[in-house]
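If you want the building blocks of each chain, they are given just below.
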Amino acid sequence: MKKIYLFLSLILTMLILASCQLGSSPDNITITVFTERHYDTDQLLYDRFTELTGIKVNLIRDEADKLITRLQNEGSDTEADLLIIADAGRLGRAKAFDLFQPVTSSILEENVPLEYKDPENYWYGLTMRARVFVYHPDRVMASELSTYEDLTDSKWRGRIVTRTSTNIYNQSLMASMIAIMGEADAKTWADGIVKNFARDPQGNDRDQAKAVVSGVADLAIMNTYYIGRMLYSSDPFEVTVAETVRIFFPNQETTGTHINVSGMGVTKHSKNTENAIKLIEFLTSIEAQSSYAHENFEYPIHQDVTPHELLLSWGTFKKQEITLDLLGTHSAKAIMLLNEVGWK
Ligand code: FE2
């Protein structure tokens, strides 16, 4: 009888301890992040954030547009505290859909330069990339290269590749052209690019560089970081491709090279705003930015962090001077014009 009593009191004590533990882990020390990023670096940083703050991070990964639609559908019921997606055009879309809330913080003011954030503080940049020319040095001389506009010249007929207009990177490039030259001229520019395609747009950014090395085209329009990723790839062909091609930053004498960011914002219906802000502060800190710079071949947005040596070897470059929120503002118009000129 005594044994049964002891056994029951042991079980009771265990139950009380378990409930106390649950009680000491309230929801406000776990934040939920909707993200399209899926890199080992990112997970290590979330682990480090938990180690530093005690705040756990519940990650939900999916494609950016699906996460945006999910946030729209879930409304105030969402468990998401933070949305992390690539491209200022998409961040602008999420803002326009009323999915973010504005956030101010002296730490963020220090970490994120004005050029890499929403002017009304709805989203903050995480990493920066440029959309450049990647060319085959046997078929193109650097001295022949100048601007995005020059790619419409007849000398480039049948020599250019890039991905489809359903891709946000090209939509944002087009949005930047609208911001710089106006709708009519941007449409003429896009039409000229389409006329010079070596093939119908297809594949991802890496496939464009591969097409250049395979002789399908002479020049690709693509994002910088893919060259780094291919250079350190486990696929020998990707390494060969990255070692063969050269990079050119267009419009250095004029309007600058098109840049973009991946970025993040606190969701409008976050129940953990303070802790979500702490994560943005951490991800933009020197420690986290150094990690991004050395793993993903993107440019750090924190000014005190040095880019990867590969990026340093490309030198510094002049960036487009338009504010990144314009990529969101002109996004719908960009898609419409790209469709009108037959950019598949
Ligand atoms: Fe990408």
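Just so we're clear, the structure is a prediction, and the values are computed from it rather than from any experiment.

## Remarks on the packing of aromatic side chains
Moving on, step 1. Under the counting rule described, the total for this entry stands at ten aromatic pairs.
Moving on, step 2. Plain terms: the ring middles of phenylalanine 133 and tyrosine 148 are 5.5 Å apart, the flat faces sit at 90 degrees to each other, and that makes the pair edge-to-face. With a gap of 15 residues between them, phenylalanine 133 in strand 4 (residues 124-135) and tyrosine 148 in the loop between strand 4 and strand 5 (160-161) connect regions that are remote in the sequence. As far as burial versus exposure is concerned, phenylalanine 133 and tyrosine 148 are alike and both buried.
Moving on, step 3. A ring pair is formed by phenylalanine 197 and tryptophan 343, whose centres lie 5.2 Å apart and whose planes are at 85 degrees; its orientation type is edge-to-face. Here tryptophan 343 lies in the segment after helix 15 (331-340) and phenylalanine 197 lies in the loop between helix 7 (183-195) and helix 8 (205-214), a separation of 146 residues in the sequence.

## As for the coordination of the iron ion
Moving on, step 1. Those protein atoms acting as donors to the iron ion are Tyr169 (OH), Tyr225 (OH) and Tyr226 (OH), and they sit at 1.9 to 2.1 Å.
Moving on, step 2. Donor residues for the iron ion sit on one chain with the sequence pattern Y-x55-Y-Y. Separated by 57 residues along the polypeptide, tyrosine 169 in helix 6 (residues 168-181) and tyrosine 226 in helix 9 (residues 225-231) bring together distant segments of the chain. Each of the two residues, tyrosine 169 as well as tyrosine 226, counts as buried.

## Observations regarding the domain arrangement of the protein
How large an interface is tends to be reported as the accessible area lost when its parts come together.
Moving on, step 1. Taken domain by domain, the protein consists of domain 1 (2-128 + 260-308) and domain 2 (130-258 + 316-340).
Moving on, step 2. Each of domain 1 and domain 2 has a C-alpha centre, and these two points are 31 Å apart.
Moving on, step 3. Taken together, the contact pairs 20 residues of domain 1 with 20 residues of domain 2.
Moving on, step 4. Carbon and sulfur atoms make up 60% of the surface buried where domain 1 meets domain 2, a total of about 1,600 Å² over both sides.

## Quick notes on helix 11 (residues 273-283)
Moving on, step 1. By the criterion of burial, helix 11 is predominantly enclosed, with eight of the eleven residues buried.
Moving on, step 2. Looking only at helix 11, the buried set comprises Asn275, Ala276, Ile277, Leu279, Ile280, Glu281, Phe282 and Leu283.

## Structural notes on helix 8
Every α-helix winds through 3.6 residues per turn, so residues three or four apart in the chain are directed the same way.
Moving on, step 1. Counting buried positions over the ten residues of helix 8 gives seven, a clear majority of the element.
Moving on, step 2. Within the sequence span of helix 8, burial applies to Asp205, Gln208, Ala209, Lys210, Ala211, Val212 and Val213.
Moving on, step 3. Its buried side turned inward, helix 8 meets strand 4, strand 5, helix 6, strand 6 (219-223), helix 9 and helix 10 (236-244).
Moving on, step 4. For helix 8, the N-terminal capping position is held by asparagine 204, with its side-chain oxygen 3.1 Å away from the main-chain nitrogen of arginine 206.
Moving on, step 5. One or two residues past the end of helix 8 sits glycine 215, with phi positive at roughly 90 degrees.

## Thoughts on the pattern of salt bridges
Moving on, step 1. Under the definition given, this model contains 26 salt bridges.
Moving on, step 2. A salt bridge links arginine 48 to glutamate 51; the shortest N-O distance between them is 2.9 Å. In this pair, arginine 48 and glutamate 51 both sit in helix 2 (residues 40-53), three residues apart, roughly one turn of the helix.
Moving on, step 3. Measuring nitrogen to oxygen at the nearest pair gives 3.0 Å for the salt bridge that ties lysine 95 to aspartate 118. Placement of the pair is lysine 95 in helix 4 (residues 88-96) and aspartate 118 in the loop between helix 5 (106-111) and strand 4, with a sequence separation of 23 residues.
Moving on, step 4. Residue lysine 95 is classed as partly exposed on the basis of its relative accessible area of 22%.
Moving on, step 5. By sharing partners, the salt bridges in this structure join Arg37, Asp42, Arg129, Arg229 and Glu298 into a single network.

## Some thoughts on the nonpolar core
Moving on, step 1. In this structure, Leu279 and Leu283 are the most contacted members of the largest nonpolar core, which totals 103 residues.
Moving on, step 2. Counting contributing residues, this core receives three or more from each of domain 1 (2-128 + 260-308) and domain 2 (130-258 + 316-340).
Moving on, step 3. Leucine 283 has contacts with Leu45, Tyr46, Ile84, Leu126, Met264, Ala288, Gln289 and Tyr292, leaving out every residue within four places of it along the chain.

## What about unusual backbone geometry?
Moving on, step 1. Residues other than glycine seldom take positive phi values, yet aspartate 87 does so here, at roughly 90 degrees.
Moving on, step 2. Tracing the chain through its elements places aspartate 87 in the loop between strand 3 (82-86) and helix 4.
Moving on, step 3. The backbone of aspartate 98 shows a phi angle near 65 degrees, a positive value even though the residue is not glycine.
Moving on, step 4. Using a relative accessible area of 40% as the deciding quantity, one classes aspartate 98 as partly exposed.

## Overview of the environment of glutamate 144
Moving on, step 1. By the element assignment, glutamate 144 lies in the loop between strand 4 and strand 5.
Moving on, step 2. Classification of glutamate 144 as partly exposed rests on a relative accessible area of 26%.
Moving on, step 3. Spatially, the C-alpha atoms of glutamate 144 and arginine 159 are 13 Å apart, while their sequence positions differ by 15 residues.
Moving on, step 4. In contact with glutamate 144, not counting residues within four places along its chain, are Arg139, Asp150, Lys155 and Trp156.
Moving on, step 5. Within the structure, glutamate 144 has its side chain in polar contact with the backbone nitrogen of methionine 141 (distance 2.6 Å).

## Some details on the pairing of strand 3
Moving on, step 1. Of all five residues making up strand 3, five are buried, and the element is well covered by its neighbours.
Moving on, step 2. What you see with strand 3 is no split at all: Leu82, Ile84 and Ala86 on one side and Leu83 and Ile85 on the other are buried throughout.
Moving on, step 3. With three bridges joining them, strand 1 (residues 30-35) and strand 3 adopt parallel strand pairing. Opposite threonine 35, over in strand 3, you have isoleucine 84 as the bridge partner.
Moving on, step 4. Two elements, strand 3 and strand 8 (residues 259-266), share five bridges in a ladder whose sense is antiparallel. Paired with leucine 83 across the strands is glycine 265, a residue of strand 8.

How each quantity is defined
Residues numbered from 1 in each chain as written. Predicted model: local features only at pLDDT ≥ 70, side-chain atom pairs only at ≥ 80, totals over all residues. Heavy atoms only, no water. Phe/Tyr/Trp six-rings, centres within 6.5 Å; stacked < 30°, edge-to-face > 60°. Helix = DSSP H or I, 4+ residues; strand = E, 2+ residues; numbered from the N terminus. Buried < 20%, exposed > 50% of the residue type's maximum accessible area, 1.4 Å probe, protein only. Donors = N, O, S within 2.8 Å, 3.2 Å for Na, K, Ca; no water. Domains from an automatic or database assignment. Contact = heavy atoms within 4.5 Å. Buried area = accessible area lost by both parts, 1.4 Å probe. Polar contact = N/O pair within 3.5 Å; in protein donor to acceptor, adjacent residues only side chain to side chain. Salt bridge = Lys/Arg side-chain N within 4 Å of Asp/Glu carboxyl O. Core = buried A, V, L, I, M, F, W, Y, C linked by side-chain atoms within 4.5 Å. Pairing = 2+ DSSP bridges.

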